[in-house]
Amino acid sequence: CAEPTPLPLAECLHPRDSSRFFNGQQPRCCAIIMAMKNNCVFCAIAEGEIPSFKVYEDDLVLAYLDINPFTKGHALVIPKAHTSGLLDTSDETLASIISRVKKVASHLKASLPCDGFNILQNNGESAGQTVMHLHFHIVPRYGKSAEISFANHKADMEELKALAARLRMP
Ligand code: 5GP
Ligand code: ZN
């Protein structure tokens, strides 16, 4: 990007890549996007280049509120070092991250009038991953709030049996 300093979005005439927008909703000037480490919004947040509503931070992770919350208190826990998802992150790092997820979830549960929470972690576009930096969603749940449900598809038992046989791990 030729701009020495990022332009306000309204003044930026550079072409924009919609895949790099905030969840498709809040485009930024491309100069800011180009300045982002790894071209990654969450790296930019970890570096402090983009502001966030932080709820927890240590040497390994950062946790902050999601800008499009599914429920009140919806938070994201990310490692500060970039990996794109579960499969390219080491077991050791994952183990450490999940203990932080537990810590933050426990804090949210104690601080909000929620009854429970979901932990979600999407891998790949087809799974709904929009930011290709590993993150765990913590979604506080309040009584009967909108469903996150896997209950819609009744399986054929024979198909399920065959599939399990094919997928069984040694
Ligand atoms: P995914 O669908 O990739 O699992 O979830 C990405 C999440 O990151 C979405 O819920 C989206 O609202 C959130 N998000 C995207 N960009 C930003 C941002 O710049 N700041 C914050 N706080 N959340 C973001
Ligand atoms: Zn990143």
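Residues numbered from 1 in each chain as written. Chains lettered and ligands numbered in written order. Predicted model: local features only at pLDDT ≥ 70, side-chain atom pairs only at ≥ 80, totals over all residues. Heavy atoms only, no water.

**Brief notes about the coordination of the zinc ion (ligand 2)**
(1) Moving on: Donor atoms from the polypeptide that bind the zinc ion (ligand 2) are C40 (SG), C43 (SG), H82 (ND1) and H133 (ND1), placed at 2.0 to 2.3 Å.
(2) Moving on: Note that the zinc ion (ligand 2) binds four donor atoms; their angles at the metal cover 103 to 119°, and the shape is tetrahedral.
(3) Moving on: Sequence positions of the donors to the zinc ion (ligand 2) reduce to the motif C-x2-C-x38-H-x50-H. Within this pair, whereas C40 is found in the loop between α1 (30-35) and α2 (41-46), its partner H133 is found in the loop between β4 (116-120) and β5 (136-141), the two being separated by 93 residues in sequence. Both residues of the pair, C40 and H133, belong to the buried class. (Donors = N, O, S within 2.8 Å, 3.2 Å for Na, K, Ca; no water. Tetrahedral: all angles 85-135°; square planar, octahedral: opposite > 155°, others 65-115°. Helix = DSSP H or I, 4+ residues; strand = E, 2+ residues; numbered from the N terminus. Buried < 20%, exposed > 50% of the residue type's maximum accessible area, 1.4 Å probe, protein only.)

**Let's talk about the side chain of Q129**
(1) Moving on: Looking at the secondary structure, you find Q129 in the loop between β4 and β5.
(2) Moving on: Here the side chain of Q129 touches S84 through a polar contact of 2.9 Å, landing on its backbone oxygen.
(3) Moving on: Within the structure, the side chain of Q129 is placed 2.6 Å from the backbone nitrogen of G124, a separation counted as a polar contact.
(4) Moving on: Not counting residues within four places of it along the chain, the set of residues in contact with Q129 comprises S84, N122, N123, G124 and H135. (Polar contact = N/O pair within 3.5 Å; in protein donor to acceptor, adjacent residues only side chain to side chain. Contact = heavy atoms within 4.5 Å.)

**Let's talk about the packing of aromatic side chains**
(1) Moving on: Under the definition given, this model contains one aromatic pair.
(2) Moving on: Taking the centre distance of 5.7 Å and the plane angle of 80° together, the rings of F42 and Y64 count as edge-to-face. Taken together, the residues F42 in helix α2 and Y64 in strand β2 (residues 61-65) connect sequence positions 22 residues apart.
(3) Moving on: F42 gets classed as buried once you look at its relative accessible area, which sits at 7%. (Phe/Tyr/Trp six-rings, centres within 6.5 Å; stacked < 30°, edge-to-face > 60°.)

**Here's the deal with the pairing of β5**
(1) Moving on: Within β5, six of the six residues are buried, which leaves the element mostly enclosed by the surrounding structure.
(2) Moving on: Residues F136, I138 and P140 point to one face of β5 and H137, V139 and R141 to the other, with burial holding for every one of them.
(3) Moving on: Across five bridges, β4 lies against β5 in antiparallel orientation. When the bridges of β5 are listed, F117 appears paired with P140. (Pairing = 2+ DSSP bridges.)

**A word on the pattern of salt bridges**
(1) Moving on: Under the definition given, this model contains four salt bridges.
(2) Moving on: For E57, the salt bridge identified is with K80, shortest N-O distance 2.8 Å. Taken together, the positions of E57 in strand β1 (residues 54-57) and K80 in the loop between β3 (75-79) and α3 (91-111) put the pair 23 residues apart, joining distant regions of the chain.
(3) Moving on: Look at E57 and you get partly exposed, because its relative accessible area is 38%.
(4) Moving on: The exposure class of K80 is partly exposed, given its relative accessible area of 25%.
(5) Moving on: Of the charged contacts, one joins D58 and R100 as a salt bridge, the two residues approaching to 2.7 Å between their closest N and O atoms. Within this pair, whereas D58 is found in the loop between β1 and β2, its partner R100 is found in helix α3, the two being separated by 42 residues in sequence.
(6) Moving on: If you follow the salt bridges from partner to partner, you end up with K54, E57 and K80 in one network. (Salt bridge = Lys/Arg side-chain N within 4 Å of Asp/Glu carboxyl O.)

So, to be careful, I would describe these as geometric facts and stop short of saying anything about function.
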